[in-house]
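What the coordinates show
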Amino acid sequence: MILPIYIYGQPVLRKVAEDITPEYQGLKELIENMFETMYKADGVGLAAPQIGLPIRVVVIDLDVYADEHPEFKDFRKAYINPHILEKKSEEISIEEGCLSLPGIHEPVKRKNRIRVKYMDENFTEHEEEIEGYLARVIQHEFDHLEGKMFIDHLSPLRKQMIKGKLTNMLKGKVGCSYKVKTIK
Ligand code: NI
């Protein structure tokens, strides 16, 4: 089932998301719906707050980059209760976008190497060291679970330059091809 994507201004995007327990009802279906919603919107990552749920669930599919990065062939993963343990190495700047911020693309500085812990959809625990583009996507998505969005990382000048677009989103003026939920 394709769900509407919550747009900038929705309070759920600013909440710290909660861990879930193995008793959480309908997790498999939720994960399927999140993948379906993300594919429909041409995204590579989606966090549960973006569909209105303040819980720690993230889906990522990087198969679209498999031509350039063979390691991402069939890379499709759900992260349950993820947390970043450590951020290492130097920061690098790469342009990012977000399904909750349609029409905004800005370079964001992030660490290239991180250590994370999470559970898979069967609640098996994993701890991994991740680098490169996946580390980038994970930091973006896990930020959503802390109530953060990528625009929070921008300089005051860049923030000023996207202000008009953000104001339009708050007014419900959003031009994108997927189903959204604005505050107006
Ligand atoms: Ni995002």
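The coordinates are above.
These figures come from a predicted structure and were not determined experimentally.

There is about 480 Å³ of room inside the largest pocket. Lining the largest pocket are 25 residues; nearest its centre among them are V44, E96, G97, C98 and Y133. Looking at the lining of the largest pocket, the elements that each hand over two or more residues are β4 (76-96) and α2 (133-145). No other element matches α2, which puts five residues into the lining of the largest pocket. For the lining of the largest pocket, the per-class residue count stands at 13 nonpolar, seven polar and five charged.

Generally speaking, nonpolar side chains in soluble globular proteins are found buried as a group. Counting residues in hydrophobic clusters, the biggest one holds 22 residues, and the most contacted among them are L27, I31, M34, L46, V57, V59 and I80. By residue number, the principal contributor to this core is helix α1 (residues 27-40), which donates six residues. Aside from chain neighbours lying at most four places away, what touches V59 is I31, M34, F35, M38, V44, G45, L46, K77 and A78. Core analysis: the next-biggest nonpolar cluster, separate from the first, contains 19 residues, L62, I114, L134 and A135 among them.

Protein coordination of the nickel ion is provided by C98 (SG), H140 (NE2) and H144 (NE2), with donor distances spanning 2.1 to 2.3 Å. Mapping the donors of the nickel ion onto the primary sequence yields the spacing C-x41-H-x3-H. In this pair, C98 sits in the loop between β4 and β5 (106-119) while H140 sits in helix α2, placing the two residues 42 residues apart along the sequence. Look at C98 and you get buried, because its relative accessible area is 9%. H140 gets classed as buried once you look at its relative accessible area, which sits at 8%.

The next subject is the pattern of salt bridges. Scanning the model with the defined rule gives 16 salt bridges in all. The partner of R14 in a salt bridge is D152, and the shortest N-O contact between them spans 2.8 Å. With a gap of 138 residues between them, R14 in the loop between β1 (5-6) and α1 and D152 in the loop between α2 and α3 (156-170) connect regions that are remote in the sequence. The partly exposed category is assigned to D152, whose relative accessible area is 32%. Measuring nitrogen to oxygen at the nearest pair gives 2.8 Å for the salt bridge that ties R158 to E106. Of this pair, R158 sits in helix α3 while E106 is found in strand β5, placing the two residues 52 residues apart along the sequence. With relative accessibility at 34%, the residue R158 sits in the partly exposed group. Judged by relative accessible area, which is 5%, E106 ranks as buried. Taken together, the salt bridges that share partners define one network made up of K88, R113, R115, E127, E129 and E131.

This part covers α3. Taking 1.5 Å of rise per residue, the 15 residues of α3 would be expected to cover 21 Å, and the 19 Å separating its terminal C-alpha atoms lies within 8% of that figure. The largest bend in α3 amounts to roughly 50° and is located at I162. Of the positions making up α3, those classed as buried are I162, L166 and M169. Just downstream of α3 lies G172, where phi reads positive at about 85°.

Here α2 contains 13 residues, and its C-alpha end-to-end distance of 19 Å stays within 8% of the 18 Å for a straight helix at 1.5 Å per residue. With respect to burial, α2 is a largely interior element, 12 of its 13 residues being buried. All buried positions along α2 are accounted for by L134, A135, R136, V137, I138, Q139, H140, E141, F142, D143, H144 and L145. Against β2 (45-47), β3 (57-61), β4, β5 and β6 (125-131) lie the buried residues of α2. Looking one or two residues beyond α2, the residue adopting positive phi is G147, at roughly 80°.

About the cut-offs
- Residues numbered from 1 in each chain as written.
- Predicted model: local features only at pLDDT ≥ 70, side-chain atom pairs only at ≥ 80, totals over all residues.
- Heavy atoms only, no water.
- 1 Å grid on protein atoms, 1.4 Å probe; cavity = no way out; pocket = protein on both sides within 12 Å on 5 of 7 lines; lining within 4 Å.
- Points joined across faces, edges and corners; volume = space filled by probe spheres on them.
- Helix = DSSP H or I, 4+ residues; strand = E, 2+ residues; numbered from the N terminus.
- Nonpolar A, V, L, I, M, F, W, Y, C, P; charged D, E, K, R; others polar.
- Core = buried A, V, L, I, M, F, W, Y, C linked by side-chain atoms within 4.5 Å.
- Buried < 20%, exposed > 50% of the residue type's maximum accessible area, 1.4 Å probe, protein only.
- Contact = heavy atoms within 4.5 Å.
- Donors = N, O, S within 2.8 Å, 3.2 Å for Na, K, Ca; no water.
- Salt bridge = Lys/Arg side-chain N within 4 Å of Asp/Glu carboxyl O.
- Expected span 1.5 Å × (residues − 1).
- Bend = angle between axes of the 7 residues up to and from the residue.

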